[in-house]
Every structure is written in C-alpha cells, then in structure tokens.
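What the coordinates show
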Amino acid sequence: LDLLPSHSAVSAIAELGVALLLFSIGLEFSWRRLKAVGRPGGVGGTLQVGATMIAGAAVCLALGLSFQAAVAIGAMAALSSTAAVLRLLAARSEIDSAQGRQAVGVLLLQDVAVVPLVVLVSILGGEADASQIGLTLGRKFAVATVLVVGFHLVLNRVLPPLLQTEAARRNRDVPVLLAAVTAVGAAWVSYRLGFSPVLGAFIAGLLLGESRFATQIRADVAPLQVLFVTLFFSSIGMLSDPAVFADHWPVVLLAAAGIVVGKTGIAAAALRISGSPLTHALASGLVLAQVGEFSLVLADSARDGGLLDTQQFELFVAVLMVSLFATPFLG
C-alpha cells in the first residue's frame, strides 16, 4: 500500500530479524550437531546449487533470454529461503530431525554460495573483470577464515569469563545483553567484510552454542527474534507490486510451479546421491523448493548490471512471493 515513508529503513531493520533467527538457530544447533549434517548437507547442497543453476539457465535460454541473463536467473533460482525454512522447521520442532538437519546443511551451503554467486552475476553484468575471479574468491576465503578464527577467540576466550563473573550471575540481564551485542556485532562484522550478515550471526550462535549459557540466551532472545523476523517478511512484501501479479498471473503461477517442482526434484536427487534415504531426501527437497530472500540480492545486482530490465525484475519478485506463500504447505 506504500504507506511507510522509508522502505530502506524497514529493510535494514528486517535484516536484524534474519540475523537473530540464524543466531538462535546456531545456539540450538551447536558445532557438534552441525558436523552431524555431514555428507548429505555439504555434497547434496553443492549438487543442488549447481544442478538448479544449470536447469534454470537452460529453461531461460529456451525461452530466448541471453546467456548472461539465463545464468543469472539460474543462480537466483538455486537459492532457498533460509528465514522461511528455518522458521517452519522450528515451529514444527523438526530442526533436529533427519530431513531438518539435511535442509539446514543445504541452506548453509547456499548462504556460503551467495558470495561467489554475487561475484559471478557482477561479472556477467560487466561490473568486474573475469580475470579477477580467482583473486576475488581467494581473498574472500582468506577473510572468511580470519572471521571464523576471530569469532572463535572472542566467544571462547572473552565471553565465558564475562558470563561467569559475579555481576553476570546476579544480574540476569547481562547474558541477554551480551547475546544481543554478540549477534548484532557478528552480523555487522560479517557485513563489513563483504559477507552475508546472517552468516556471521549464525557462526557466532554456533560457537556460543557450546557454552552452558546457550539455553538461557536462546530463551531470552526468542521474543526479539519473532519481532524482527516479522519485519523481515513485511519488508519482502513491500517489494512486491500486486498489479504485476494481476497483469501476469498465468506466467507468475506457471513459473512458480515450475520452480517448486523442479527444485524439489533436484534437491531430492542431490541428497539421494549424497547418501540420504529417499523419504528424507524428498522431505528436505519439498521444504527447499521456494526461491530465497538472498535471491533478491542477486536480482538487484543483475538489474544494476543490465541483465534484467524492470519488468523482468518485478516478475521475478512476484514469482518469489508466490513460492514463499507455498512454503508452509510444502513442509
């Protein structure tokens, strides 16, 4: 309805919602439980992203789009919604189930893939020199290593002594404040270093999840998480234009249905190849079938680089919205 004065302010606040969601999921998951994801999450996620990109690009080429635009759209379609899926799994207490662990593993792989995919889309749009790909990705890997090591030192050497002080034991608000500062600070540091803010928040929660304060912090952060996640989904809704859906609803519904069916089959096949039982692979594939919020980052980059025009961008947002609305029914 365009009643709010500043969409960008709402979007900025909404990113905190996703960061807090990933932070709390990290607290619940912990590093030991993450390692249990193993081969299905890592290998299956890699296969899913690659195969979905190829399939999406092939369909777009068949429809007459340029090679660069087709690859960009394939990359956008490859990503699922971390916020929607984790929210759904948490509400149904399925994060620790076999299919839940696999889905989380694939989502984490997708979040890591956002950085190289953004670089790829920038190159396709002529915003970067192809000869710099290796250097850029190598620099990102080195920075990511420093990021994880830094978080490990802070959360395992600095925070525990603070939480065990007499003041922290007597004042219940201290762990909550430290948790909030840690979540937001980790997201900010990750963003400043060129990574997804939610990735930094998740790593911080993952490392802090090994402490004996994880349960208390998770309970105290939960109300804030619900508030900010609600703002996040509202900010996505603000990007959509109902008139676009009304004018092109057959195309939008057909594209959304094709993505949901195609991603379900590709994700299930990828997880099955990586060793997951068929029923678990299919269940994970269903919850990963939508288009994700980080696809908007790629879509913005593609539009800025001239790969997508305004109408194509708006159609993609409409398809994304339809797929998100379908997510609760797919789980």
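To keep things clear, this report deals only with the structure shown in the data block. (Residues numbered from 1 in each chain as written. Predicted model: local features only at pLDDT ≥ 70, side-chain atom pairs only at ≥ 80, totals over all residues. Heavy atoms only, no water.)

Before going further, it helps to examine the nonpolar core. Met76 and Leu320 are the most contacted members of the largest nonpolar core, which totals 64 residues. Sorting elements by how many residues they give to this core places helix α5 (residues 98-124) first, with ten residues. Each residue touching Met76, except ones within four places of it in the same chain, is listed here: Val291, Ser295, Leu298, Ala299, Ala302, Leu308 and Phe316. (Core = buried A, V, L, I, M, F, W, Y, C linked by side-chain atoms within 4.5 Å. Buried < 20%, exposed > 50% of the residue type's maximum accessible area, 1.4 Å probe, protein only. Helix = DSSP H or I, 4+ residues; strand = E, 2+ residues; numbered from the N terminus. Contact = heavy atoms within 4.5 Å.)

Taken as a whole, the largest pocket holds about 940 Å³ of empty space. What lines the largest pocket is a set of 31 residues, among which Glu15, Tyr191, Pro197, Phe294 and Val297 lie closest to the centre. When residues of the lining of the largest pocket are traced back to their parent elements, those giving at least two are α1 (7-35), α5, α8 (173-192), α9 (197-208), α10 (214-239) and α13 (295-304). For the lining of the largest pocket, the element with the highest residue contribution is α1, accounting for seven residues. Among the residues making up the lining of the largest pocket, the classes are represented as 23 nonpolar, four polar and four charged. A volume near 740 Å³ is recorded for the second largest pocket. (1 Å grid on protein atoms, 1.4 Å probe; cavity = no way out; pocket = protein on both sides within 12 Å on 5 of 7 lines; lining within 4 Å. Points joined across faces, edges and corners; volume = space filled by probe spheres on them. Nonpolar A, V, L, I, M, F, W, Y, C, P; charged D, E, K, R; others polar.)

A few words now on helix α14 (residues 310-330). With 21 residues, α14 extends 30 Å from end C-alpha to end C-alpha; this agrees with the ideal 30 Å at 1.5 Å per step. Between the side-chain oxygen at the start of α14 and the backbone nitrogen of Gln311 there is a gap of 3.2 Å, and the oxygen is on Asp309. (Expected span 1.5 Å × (residues − 1). Polar contact = N/O pair within 3.5 Å; in protein donor to acceptor, adjacent residues only side chain to side chain.)

When two helices pack together, their arrangement is given by the angle between the helix axes and by the axis-to-axis distance. For the pair helix α4 (residues 82-91) and α5, the least separation of the axes is 11 Å and the interaxial angle reads 160°. Here α4 lies roughly antiparallel to α5, going by the angle between them. Both α4 and α5 take part in a crossing whose hand is left-handed. Contact residues: α4 offers Thr82, Val85, Leu86 and Leu89, while α5 offers Gly100, Ala103, Val104, Leu107 and Asp111. For the contact of α4 with α5, the class distribution of residues is six nonpolar, two polar and one charged. (Axes fitted to C-alpha atoms, helices over the stretch in contact; angles between N-to-C directions. Parallel < 35°, antiparallel > 145°, perpendicular 65-115°, else oblique. Left-handed = near helix turned anticlockwise from the far one by under 90°.)

With phi around 55°, Ser93 is a residue other than glycine that occupies positive phi space. The topology assignment puts Ser93 in the loop between α4 and α5. With relative accessibility at 67%, the residue Ser93 sits in the exposed group.

A separate point is the packing of helix α11 (residues 242-273) against helix α12 (residues 278-287). Where α11 meets α12, the axes come as close as 8 Å, and the angle between the chain directions of the two elements is 140°. As summarised for this structure, α11 and α12 are arranged oblique, according to the angle between their axes. At the point where α11 passes α12, the crossing takes the right-handed sense. The residues of α12 that touch α11, namely those facing Lys263, Thr264, Ala267, Ala268, Leu271 and Arg272, are Leu278, Ala281, Leu282, Ser284, Gly285 and Leu286. Counted by class, the contact of α11 with α12 contains seven nonpolar, three polar and two charged residues.

Moving on, we get to a nonpolar patch on the surface. Together, Val43, Leu47 and Ile273 line one region of the surface with nonpolar side chains, adding up to about 250 Å² of accessible area. Counting through the fold element by element, Leu47 comes out in helix α2 (residues 38-62). Judged by its relative accessible area of 37%, Leu47 falls in the partly exposed class. (Patch = residues over 30% accessible without salt bridge, like charges linked within 9 Å, V, L, I, M, F, W, Y side chains within 5 Å. Areas by Shrake-Rupley, 256 points an atom, 1.4 Å probe, with all protein chains shown as cover. Salt bridge = Lys/Arg side-chain N within 4 Å of Asp/Glu carboxyl O.)

Our next topic: the packing of aromatic side chains. Summed over the entire model, instances satisfying the criterion amount to zero aromatic pairs. It is Arg303 that lies over the ring of Phe313; its NZ or CZ is 3.8 Å from the centre. (Phe/Tyr/Trp six-rings, centres within 6.5 Å; stacked < 30°, edge-to-face > 60°. Lys NZ or Arg CZ within 6 Å of the ring centre and 35° of its normal.)

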